Amino acid sequence: MTDVLWTFDALVRAAGGTADGTASMPLTGFSIDTRSIKSGDVFVALKDQREGHDYVASAFEKGAGAAIVSTTYERKAGDGALVRVPVTLQGLEGIARAARARLSPAARVIAVTGSVGKTGTKEMLKACLSLVAPGRVHAADKSFNNHWGVPLTLASMPADTHFGVFEIGMNHAGEITPLTKLVRPHVAIITTVEAVHLEHFDSVEGIAEAKSEIFLGLEPGGTAIINRDSPYFALMDKRARQAGRTLRTFGLTDGADVHPFRWAISADGSEVAVNLSGRDVAYHVAAPGAHIAQNSLAVLAAADAAGADAGLASKALGGLHAPQGRGSRTLLASGSLLLIDESYNANPASMRSALSAMATVPRQRYGRRVAVLGDMLELGPDAAALHAGLAEAIDATAIDLVFCSGPQMSHLFAVVPAGKRGGWAINSSEIREPLLNALRPGDVVMIKGSNGSRMAPLVEAIKEKFAASGHRE
C-alpha cells in the first residue's frame, strides 16, 4: 500500500474545510489519541469523552502532520497545519466518504455486525484475505466500530486497498444505518443475535431488527450473509430481501448454504470441512471454541462472495490465535497452569461460549476448571435472571470452582452449589487475593466479564504471580 495516505490539499477538500497552514510532512495515518499518535498522523480533535481540542498542541509535539479542528479553535504556538471545519466529526465523515469513493471498482468491502463475534470475525477476515491480496487488505487494529471508529477506519484506508473489512456495532436502534451507508459494503455479515444491550431494547427481536440495518448500506448486487441457525433467521432474511440483496446463509444445519460436512472441536482448535461453490474446502482453526469455528463459516462465505479464493484464504485460520482479552491462552508456572483471558467483554451468549471452550481442555492436562466471572452490563430489567441463568452452563461444562465479581454476579453466586463457590466480592480488586490464594498447579482458569467490570487486572495479577516460564499457548 502507498506510504502517503492523503495530500494536504486532498484532505482539506475531503473534509469540506479550510486550510490554515500547510503540512510539512507526508500524512500517513489518523489518530484521536495523543497517547498513541505517530509521526505523520492527522490528529482529529473530537469531542467525545474528552475535549479533543485540549490536546492539539500535544499532538503536534508528538509528531502530528496536521490536525482537524473546529473553525473556532484558537491556534497555539507550535501548532502545525490545521484543517478548520464547523464540526470535527462531520469533517472526519467527509474524509471517510472520500476514502470509500476513491477505491478501485474492483475493490471489495465487507462489513460485520452481530451481538457476539464481530471483532473475531473481522480478524479472521483480515488474516484470510491478506493471503489472497498481501499488503492490500485494510481493517482496524482495534474494535473501532462506533460513530467515530468506523469513519476513522475508513479515513485511514489507502486508495489501493483491494479488500476493506469493517466492524459495525451499536447500542441503540438506528445507529448502524448511517455507518453502513458510510461503509457501503459489497458483503454484509450478521454473526448472531443475542440478548445484548437489552436495557436499550424491548426484546431480542428488536436487536435483530437493529442488526439488520446493516443491509441498508449494501451496494447494488451485494450479498447479505446471515446465521441460518439463529431463531431470528426469518426476520433477518426478510430484511435482507427487502433491501433487494442476494442472500447466503451459514450454520451447522444442512439447510445453510455454507455448512460443515466435517466438524471436530477440541482444546487445540477445530477441524472443519465445507462445500463452497461446488468445491470442498478443509481447514484447521487454531483458535479454540465452537463459536469461533462457526464464525469461520461466515468468513469463508464472505471471502467467496467477495471473489477471493476461499481455499487459499482458509489456510490463514490455522495460524490464527485469539487476541488478548478475547480468549488468548497463556501457560504459566512452567506450563502447569493455563490462563484463558476473556476479560474484554461479556454477555450471556459469549459467557456460555467461553465456558464451553474451556471445557474442551482435557482433564488429564488440567484437572480443575476455575471460572472467574464479572458482571455483564447493559442487560436491563432481566439482568438478575440472566446472570443467575448461567448456573446451567456452569453445571453443563463441569466447572469446579467459581469466583464472581460485581453486584449482578451475586445472583449467580447465590445459586452455584456451595461446593463450587470460590468467592464473591463487590468488585474485582476485592476478589484478587482470594483468587490468587486458591489457584494451584493443574488448574485452567478463565477470566471473563464486561469491560466495565474491570476483570483485566485479575489477568495481570495471575500472570505476575505465576510468571515463571510463562508463555503463550
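The structure presented is a predicted model; accordingly, all values stated were derived computationally and were not measured. (Residues numbered from 1 in each chain as written. Predicted model: local features only at pLDDT ≥ 70, side-chain atom pairs only at ≥ 80, totals over all residues. Heavy atoms only, no water.)

1. A few points about the sheet that holds strand β12 (residues 260-266)
Piece 1. Strand order in the open sheet made by the three strands is β12-β13-β14, with antiparallel pairing throughout. If you trace the sheet from one side to the other, it starts and ends with β12 and β14 (279-285), each paired once. The sheet shows a mean angle of 10° between the axes of neighbouring strands, taken without regard to direction.
Piece 2. Two strands pair when backbone bridges link them, and strand β13 (residues 269-276) and β14 are joined in this way by seven bridges, in the antiparallel orientation. Note that in β14 the partner of S270 across the bridge is V285.
Piece 3. The strands touched by helix α9 (residues 290-305) are β12, β13 and β14; relative to β13, the strand with the most contacts, the crossing angle is about 30°. (Pairing = 2+ DSSP bridges. Helix = DSSP H or I, 4+ residues; strand = E, 2+ residues; numbered from the N terminus. Axes fitted to C-alpha atoms, helices over the stretch in contact; angles between N-to-C directions. Contact = heavy atoms within 4.5 Å.)

2. Comments concerning the sheet that holds strand β9 (residues 187-190)
Piece 1. Strand order across the open sheet formed by six strands is β7-β8-β6-β9-β10-β11, with parallel pairing between neighbours. In this open sheet, the two edge strands, each paired with only one partner strand, are β7 (137-139) and β11 (246-250). Averaged over all adjacent pairs, the angle separating strand axes in this sheet is 15°, with direction ignored.
Piece 2. In terms of strand pairing, strand β6 (residues 108-113) meets strand β8 (residues 163-167) through five bridges, oriented parallel. Paired with V109 across the strands is G164, a residue of β8.
Piece 3. Here helix α4 (residues 118-132) sits on the sheet in contact with β6, β7, β8 and β9, set at roughly 175° to β8.

3. Notes on the pattern of salt bridges
Piece 1. Considering all chains together, one arrives at 16 salt bridges under this definition.
Piece 2. When salt bridges that share partners are traced, they join D20, R75 and R84 into one network. (Salt bridge = Lys/Arg side-chain N within 4 Å of Asp/Glu carboxyl O.)

4. What to know about the side chain of E167
Piece 1. Take E167: it is sitting in strand β8.
Piece 2. No salt bridge is formed by the buried E167, whose closest oppositely charged neighbour, K122, lies at an N-O distance of 4.0 Å.
Piece 3. Polar side-chain contacts of E167 include one of 2.8 Å to the side chain of T119.
Piece 4. At 2.8 Å, the side chain of E167 and the side chain of N145 are in polar contact.
Piece 5. In contact with E167, other than residues within four places in its own chain, are V112, K118, T119, K122, S143, F144, N145 and V150. (Buried < 20%, exposed > 50% of the residue type's maximum accessible area, 1.4 Å probe, protein only. Lys, Arg positive; Asp, Glu negative; His and termini not counted. Polar contact = N/O pair within 3.5 Å; in protein donor to acceptor, adjacent residues only side chain to side chain.)

5. What to know about the packing of aromatic side chains
Piece 1. If you walk through the whole model with that rule in mind, you get one aromatic pair.
Piece 2. In this arrangement the basic side chain of R102 is found over the ring face of W6, its NZ or CZ atom lying 3.9 Å from the centre.
Piece 3. The ring of F413 carries the charged tip of R421 above its face, separated from the ring centre by 5.8 Å. (Phe/Tyr/Trp six-rings, centres within 6.5 Å; stacked < 30°, edge-to-face > 60°. Lys NZ or Arg CZ within 6 Å of the ring centre and 35° of its normal.)

6. Structural notes on α4
Piece 1. Taking 1.5 Å of rise per residue, 15 residues should cover 21 Å, and α4 covers 21 Å from first to last C-alpha, within 8% of that figure.
Piece 2. Within α4, burial applies to K118, T119, T121, K122, M124, L125, C128 and L129. (Expected span 1.5 Å × (residues − 1).)

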